[in-house]
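Examination of the molecular architecture
The primary structure of each chain is shown beneath.
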Amino acid sequence: MWNGQDVDVEAYFGRIGYGGDASPTLRTLRELHRAHVLAIPFENLDAALGRGVPLDVKSLQSKLVGQARGGYCYEQNSLFAAVLERLGFEFGGRGARVRTRGTVLPPVTHALLVVTVDGEPWLCDTGFGNQGPLEPVPLRDGAVVEQGGWTFGISTEGDGTQVLRSLRPEGWVDLYAFAPQTLYPADFTVMNHYSSSHPRSRFVGQVVAQRTSPGVRWALVRDELTTVRTDGTVERRRVPANELGRVLSEVFAIVMEQSDLVQLGALGGGLSDRDSRPRVRR
């Protein structure tokens, strides 16, 4: 179903720095998920450049593993799904409505996985960027887990919709909501087409790069770099166009061709004229 036969597992393990067991156990799932999230950044740079975003396993392997690039949810979770299938895990795709952008009802534009181990379902999401979980989250109502200083929870609404939540200084915040309906690679392809090409997609026409780790999260949107720490500290600074390549490389471990950087820098509009001094708030 997910073309796991096409994935080079050893190359993938090398990319994420994984040297553990490959049997389909909860321990393996946790360690793989964490290693993937820490090693492969979230980014939309191909979509921002107006390029296609293929989801076939060989293309994903070439980009995220061979070229040491990152990707957004469809790419990250499709590659992770291929690996899980190759290792013998039981899982299915899900589609979610992101709830971090206000009260307007959004379309289903986020993709994640639900993996079942020993009869228990686990939310797995290697593609939600700097706000996503480091490890699988138990998919049961009321579950709360702490991962590297970040706290996540699961709630179930009256109609059966399940919600991934994050504990912030101001309280619990909904990240996204999803129904139990299983999605397949063809569904991811349709959703990916909107996200990578529709003029109203937040991934078209602007730079987005994100990364999470224990204790700190980074997000670059257009020309603003935000750093959030578990102690509540938030730093924001403008990234001039001539610093974009350095920031992508040093903060997100993404290396792009100079010609690509010129095009990406132009998307921010006046990047080189913005104030690059850091601003800190709590």
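What you are looking at is a predicted structure, and each value in this text was computed from that prediction instead of being measured. (Residues numbered from 1 in each chain as written. Predicted model: local features only at pLDDT ≥ 70, side-chain atom pairs only at ≥ 80, totals over all residues. Heavy atoms only, no water.)

On any regular strand, side chains alternate: one points to one face of the sheet, the next to the other face. Two strands pair when backbone bridges link them, and strand E3 (residues 110-117) and strand E4 (residues 120-124) are joined in this way by five bridges, in the antiparallel orientation. Residue pairing for E4: Val 117 is matched across the bridge by Glu 120. The hairpin turn running from E3 into E4, its antiparallel successor, is two residues long, and Asp 118 in that turn takes a positive phi close to 55°. Of the strand pairs in this sheet, E4 and strand E5 (residues 137-138) are connected by two bridges, and their pairing is antiparallel. Pairing of Leu 123 across the sheet is with Val 137, part of E5. (Pairing = 2+ DSSP bridges. Helix = DSSP H or I, 4+ residues; strand = E, 2+ residues; numbered from the N terminus.)

As a rule of thumb, soluble globular proteins bury nonpolar side chains together. Counting residues in each nonpolar core, the largest one holds 42 residues, and the members touching the most others are Tyr 12 and Leu 29. Elements with a contribution of two residues or more to this core: helix H1 (9-16), helix H2 (26-39), helix H4 (57-66), helix H5 (73-87), E3, E4 and helix H6 (185-197). Look past the residues within four positions of Tyr 12 in its chain and what remains in contact with it is Leu 32, His 36, Gln 61, Val 65, Leu 79, Phe 80 and Val 83. (Core = buried A, V, L, I, M, F, W, Y, C linked by side-chain atoms within 4.5 Å. Buried < 20%, exposed > 50% of the residue type's maximum accessible area, 1.4 Å probe, protein only. Contact = heavy atoms within 4.5 Å.)

Pairing in this open sheet of eight strands is antiparallel, and the strands run E5-E4-E3-E2-E9-E8-E7-E6 from one edge to the other. Two strands lie at the open edges of the sheet, namely E5 and strand E6 (144-147), each paired on one side alone. Against the sheet, H5 makes contact with strand E2 (90-98), E3 and E4, and its axis sits at roughly 20° relative to E3, the strand it touches most. H6 contacts E2 and E3 of the sheet and is inclined by roughly 155° relative to E3. (Axes fitted to C-alpha atoms, helices over the stretch in contact; angles between N-to-C directions.)

So, about the environment of Thr 28. Mapped onto the elements of the fold, Thr 28 is located in helix H2. Given the relative accessible area of 1%, Thr 28 is considered buried. Put simply, Thr 28 and Leu 248 are 220 residues apart on the chain and 30 Å apart in space, counted from C-alpha to C-alpha. Leave out the neighbours within four places in its chain, and Thr 28 touches Tyr 18, Asp 21, Ala 22, Ser 23 and Phe 89. For Thr 28, the side chain forms a polar contact with the main-chain oxygen of Asp 21, separated by 3.5 Å. (Polar contact = N/O pair within 3.5 Å; in protein donor to acceptor, adjacent residues only side chain to side chain.)

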